[in-house]
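Observations on the model geometry
Here are the chains, one letter per residue:
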Amino acid sequence: MPEVTISSLRPRVLSGMRPTGKLHLGNYMGALANWVKLQNKFECYFFIADWHALTTDYADTSNVVPNTMDVMLDYLAAGLDPERSVLFLQSKVLQHAELYLLLGMITPLGWLERVPSYKEQQENLANKDLSNIGFLGYPLLMASDILLYQAQFVPVGNDQTAHVEVTREVARRFNQFYKLNDAEVLPEPQVLLTPSPKLPGTDGRKMSKSYGNTILLTDPEPIVRQKLKTMVTDPARIRRTDPGDPDKCPVGDLHKVFSSPETLANVYEGCRSAGIGCIQCKGWAADALVQVLEPIQARRASFSEPQVKEILEVGSSRARARAEQTMEEVRSAMQMTAACETGR
Ligand code: SF4
C-alpha cells in the first residue's frame, strides 16, 4: 500500500459516521459527496464511529463489524481516497477514549442534557433503555473525536451544529483551565456547513434508515426501478388526466437533484399539463439515479475485503500517530505526566 502523503499546511477537517449498515442516497448527498470534494482542499480525517454505535445499540453488538465493513466499502465506493484522506476506525485509536475521559472531568452534566438530540432520541427510541452514561456522553465523545485531531473544521448538516457548539464550549473550558507554555492546546473548530438538497425517501419523508424508505448505494438497477414505482407522488394527481405539480411531489424533488435540466423541464411541462403519466416520470427519475449509482457500484466491486481491512489498518495507524501528538500536549497541559517520569 502506498504511503499516504497529506499536506499538513492545509486546514484539517474531521467527520465520521456510525456503522449502521449500508449507506443510502441520503447519506451520499448529505455528507459523502461533499467529503469527496473536501479531499482537494483540506487535510481530511474520515472515520467510522464504531464506539458511537454502542451508545444506542449496546445490547446486541453482533452487527458492528459487518456494518463497519459495509460503511467502509461505501466510503471507498463514493470516492474517498485512502491516498488523500486518513480513513480510520475509532476503536483502533484508543486516544479517543483517553481524551473522552479527561474531558468528562471538566464537562458539566447540563451541557450534555441540553443537546437537542438527547431528549429527541430518548423519545424516538422509547423501546430502548437509554438512561446510560454512554448515551448521555455521546456529544462529549463526539467532541473528543474532533478535538483529538485539533481539527479546524467539521463538515456537518444543519441538524448537527449543536454538537459542534458543545465541542467549542468544551475546548474553551479546557483552554481556560490548562495551557501549554501559555498557549491553548485545543482549537475551537468551526462548522463547515454541508449543502444538502432535500432528498425524500420512497414514502415522501426525509430519506432515513429508521423510516425504511431508503434507496441504497448498493441497490441494483431493478431494485431502484421497483422502489421508484412504489414512491408516493403529488397527492392531488389522482387520475392520469389530473395535472400535478413537481414542487409538491417527492419524485419531483429527486428530479431536481439528479436529472438534467432538459429532463427537469420535461417533468414540469408534462406533469403540469398532464401530458406525461407518473409511471413515465418515475422511469426518468430511475434513469438518473442509476446513472449516479453505476460508477459508485463499480468502484465498490473493485475492492476486496482484505484490501478494505488493510486500508483501515493503515489509516488507523496514521490517525493514532496524529492523535498521540495531541494527547502529549493535553497530558502536559494537565500535568498528568509528572508522576511516572523518572527523568532518565
Ligand atoms: S408526473 Fe412526476 S412530478 Fe408529476 S406527480 Fe407524477 S411523479 Fe410527481
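See above for the structure.
Described in the following lines is the structure provided in the data block. Treat the numbers as computed from the prediction; the structure is a model and nothing was measured. (Residues numbered from 1 in each chain as written. Predicted model: local features only at pLDDT ≥ 70, side-chain atom pairs only at ≥ 80, totals over all residues. Heavy atoms only, no water.)

Here the focus is the overall build of the protein chain. Broken down by element type, the protein chain carries 14 helices and 5 strands. Along the first, second and third principal axes, the C-alpha set of the protein chain runs to 85 × 45 × 35 Å. Here the protein chain, with 344 residues, has 49% of them falling under the buried criterion. Across the protein chain, contacts joining residues at least 24 apart in sequence account for 79% of those joining residues at least 6 apart. (Helix = DSSP H or I, 4+ residues; strand = E, 2+ residues; numbered from the N terminus. Buried < 20%, exposed > 50% of the residue type's maximum accessible area, 1.4 Å probe, protein only. Contact = heavy atoms within 4.5 Å.)

Turning next to the environment of Glu113. As for its placement among the helices and strands, Glu113 is situated in helix H5 (residues 109–113). Taking the C-alpha atoms as reference points, Glu113 and Asp234, 121 residues apart in sequence, are found 40 Å from one another. Dropping the residues within four chain positions of it, Glu113 is found in contact with Tyr118, Lys119 and Leu136.

Here we come to the nonpolar core. If you look at the biggest cluster of nonpolar residues, it comprises 50 residues, and the most contacted ones within it are Leu25, Tyr28, Leu32, Trp35, Met72, Tyr75 and Leu228. Among residues more than four places away in sequence, those in contact with Met72 are Ile48, Leu87, Val308, Ile311 and Leu312. Within the second largest apolar cluster, 41 residues are counted, among which are Val93, Ile146, Phe174 and Val330. (Core = buried A, V, L, I, M, F, W, Y, C linked by side-chain atoms within 4.5 Å.)

Attention now goes to the pattern of salt bridges. In the structure shown here, the tally under the stated rule is 22 salt bridges. Its salt-bridge partner being Asp242, residue Arg239 comes within 3.6 Å of it at the nearest N-O pair. Residue classification places Arg239 among the exposed residues on the basis of a relative accessible area of 54%. Residue Glu305 pairs with Lys309 through a salt bridge whose shortest N-O separation is 3.4 Å. Taken together, the residues span about one helical turn, with Glu305 and Lys309 both in helix H14 (residues 305–333) at a distance of 4 residues. According to the relative accessible area criterion, Glu305 is partly exposed, its value standing at 48%. Put simply, Asp245, Asp247, Asp253, Lys256 and Arg272 are held in one network by salt bridges that share partners. (Salt bridge = Lys/Arg side-chain N within 4 Å of Asp/Glu carboxyl O.)

With that settled, consider the environment of Thr202. With respect to the secondary-structure elements, Thr202 resides in the loop between strand S5 (190–193) and helix H10 (221–229). A relative accessible area of 13% means that Thr202 is categorised as buried. Remark: the alpha-carbon pair of Thr202 and Val232, spanning 30 residues in sequence, is separated by 6.4 Å.

So far we have only geometry, and geometry alone does not tell us how the molecule works.
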